[in-house]
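Chain by chain, the residues run as shown.
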Amino acid sequence: MNPQDCCPPSAGGTHLLPWRQALDLMLAPLEPVGDTEVVPTAAGLGRVLAAPVTSTIEVPGWDNSAMDGYAYRHADLAATGGRLRVAQRIPAGATGVPLAPGTAARIFTGAPIPPGVDTVVMQEVCQASGDQVQIPLDVPAGSNIRRAGEDIRAGRQVLATGTRLGPQHLGLAAAVGVGELRVYRRLRVAVLASGDELVMPGQPLGPGQIYNSNRFTLRGLLQGLGCEILDLGIVADSREATLAALRRGAREADLIVASGGVSVGEEDHLKPAVEELGRLDLWRLAIRPGKPVAYGWVEHTPFFGSPGNPVSLFVTFCLLARPLVLRRQGVSGDLQPWSYPLRAGFDWPKPDKRTEFHRARLQRGADGEPEVTVFPSRSSASLSSVAWADGLVELPAGRVIRRGERVPYLPLATLLG
């Protein structure tokens, strides 16, 4: 797809776009990487299906017992008062013989139901003595039998194209006998950090220098999504160095993610460099932290630029860059982050003019019900707030929050996985 033909007009003006609207605009032109490969089902964790998985078998493949107990004909109970002779034993993996009238079979979970059986009773309610078993008369006919094909019918699609494979999906594929999966190849993401003030950990700090924490945060976020990383390192604050890094990223990667250099300072070179090499479609969102977010295209490669402040990077990645990564990986469906209304364990008397995402932690209130509290500092430079938090709380622009009101809570477990 040609980004020049499908992206919204450039948003380089003064209007601040709501973040959910911005995300929809970012996702609209994106397509998965085109290349696919076949991997063993055991190696599919975190990959994205490029072809559906269809079952060629029934699951279960036969009528089987749902528990350890006794299998019998329900009609035999009336004549015997519920006392039957145990004529056979059927463990899982074995096959019984047709059940003779007036007898029962000792049966175990998953074992096939022998011909003639219509009911299974759990062993805990029975009384066994020698080769006899006393069965309660009030067990309904047809109980505790899992029927063939009850879960999955042959020919049914069990996993759709665009599914990001978790352990449960791998188990389902294995359950229908699928040993290999066609998946999209791993996404390659070019990562760069802009700024002459940045120094790598382990090196001494000079005057005005800081350690490049964003590199490690960003790499960790992308590795958690299963991406291959092209690390372009620290890019000097110059037009030439910025253009060279972007050209390499566009040539060798499927997505470019940058931190810093997207604001309006004289040393912020990323924004004009993107516009020179491609186009800038979105810039400046109505959120705090993270207002100067940049999104566009460098040649035919999508570009996402976050502010350099570490909290801004983390928040904008979770809300905006993560869905972009997932869409490029081939994940289908709704990628808007989900939030859950929870009780505020704090007051918020001075709201911002923009929607604010504050670092939050889930806790148990005095009455035992869950509530969220927030980090004391609103600073977008406070990386310790991100390490402290287990989620984000969305605070609407201009709205005063009183303790006990409901606020949207976005758990990090869903924003990072």
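What you see is a predicted model, and the numbers here were worked out from it, not measured in a lab. (Residues numbered from 1 in each chain as written. Predicted model: local features only at pLDDT ≥ 70, side-chain atom pairs only at ≥ 80, totals over all residues. Heavy atoms only, no water.)

Trainee: For this particular structure, what's the right way to read the packing of helix α2 (residues 19-27) against helix α8 (residues 310-329)?
Mentor: For any two helices packed against each other, the geometry comes down to the angle between their axes and how far apart the axes lie. Packing of α2 against α8 brings their axes to within 10 Å, and their N-to-C directions diverge by 25°. It follows from the interaxial angle that α2 and α8 lie roughly parallel. Read as a crossing pair, α2 and α8 show a hand that is right-handed. Contact with α2, carried on its side by Trp19, Leu23, Met26 and Leu27, involves Leu319, Leu320, Pro323, Leu324 and Arg327 of α8 and no other residues of that element. (Axes fitted to C-alpha atoms, helices over the stretch in contact; angles between N-to-C directions. Helix = DSSP H or I, 4+ residues; strand = E, 2+ residues; numbered from the N terminus. Parallel < 35°, antiparallel > 145°, perpendicular 65-115°, else oblique. Left-handed = near helix turned anticlockwise from the far one by under 90°. Contact = heavy atoms within 4.5 Å.)

Trainee: Can you help me understand the environment of alanine 43 in this one?
Mentor: Within the fold, alanine 43 resides in the loop between β1 (36-40) and β2 (53-54). Residues alanine 43 and leucine 170, 127 residues apart in the sequence, show an inter-C-alpha distance of 9.0 Å.

Trainee: Looking at this model, I keep getting lost on the pattern of salt bridges. Mind explaining?
Mentor: Side-chain pairs of opposite charge can arise where the charged atoms are in close proximity. Enumeration over the complete set of coordinates arrives at 19 salt bridges. Notably, a salt bridge pairs aspartate 281 with arginine 279, separated by 2.6 Å at the nearest N-O pair. Each member of the salt-bridge network shares a partner with another, and the members are Arg288, Asp352, Arg354, Glu356 and Arg378. (Salt bridge = Lys/Arg side-chain N within 4 Å of Asp/Glu carboxyl O.)

Trainee: Mind showing me how you'd approach the nonpolar core here?
Mentor: The nonpolar side chains of a soluble globular protein tend to be buried, and buried together. In this structure, Met26, Val189, Leu222, Phe304 and Leu320 are the most contacted members of the largest nonpolar core, which totals 48 residues. Contributing elements (two or more residues each) for this core: α2, β13 (188-194), α5 (213-224), β17 (255-259), β20 (294-298), α8 and α10 (412-416). The dominant element in this core, judged by the number of residues it contributes, is α8, at twelve residues. Each residue touching methionine 26, except ones within four places of it in the same chain, is listed here: Leu282, Val293, Tyr295, Phe304, Leu320 and Leu324. (Core = buried A, V, L, I, M, F, W, Y, C linked by side-chain atoms within 4.5 Å. Buried < 20%, exposed > 50% of the residue type's maximum accessible area, 1.4 Å probe, protein only.)

Trainee: What's the story with the packing of aromatic side chains in this structure? I'm lost.
Mentor: The way to describe two aromatic rings as a pair is by their centre distance and the angle between their planes. For the coordinates displayed, the defined rule picks out three aromatic pairs. Judged by centre distance (6.2 Å) and plane angle (85°), the ring pair of phenylalanine 346 and tryptophan 348 falls under edge-to-face. An identical accessibility class is assigned to phenylalanine 346 and tryptophan 348; each is buried. The positively charged end of arginine 106 is found above the aromatic ring belonging to tyrosine 70, 5.2 Å away from the centroid. Cation over ring: arginine 284 sits above tryptophan 283, and NZ or CZ is 5.3 Å from the ring centre. (Phe/Tyr/Trp six-rings, centres within 6.5 Å; stacked < 30°, edge-to-face > 60°. Lys NZ or Arg CZ within 6 Å of the ring centre and 35° of its normal.)

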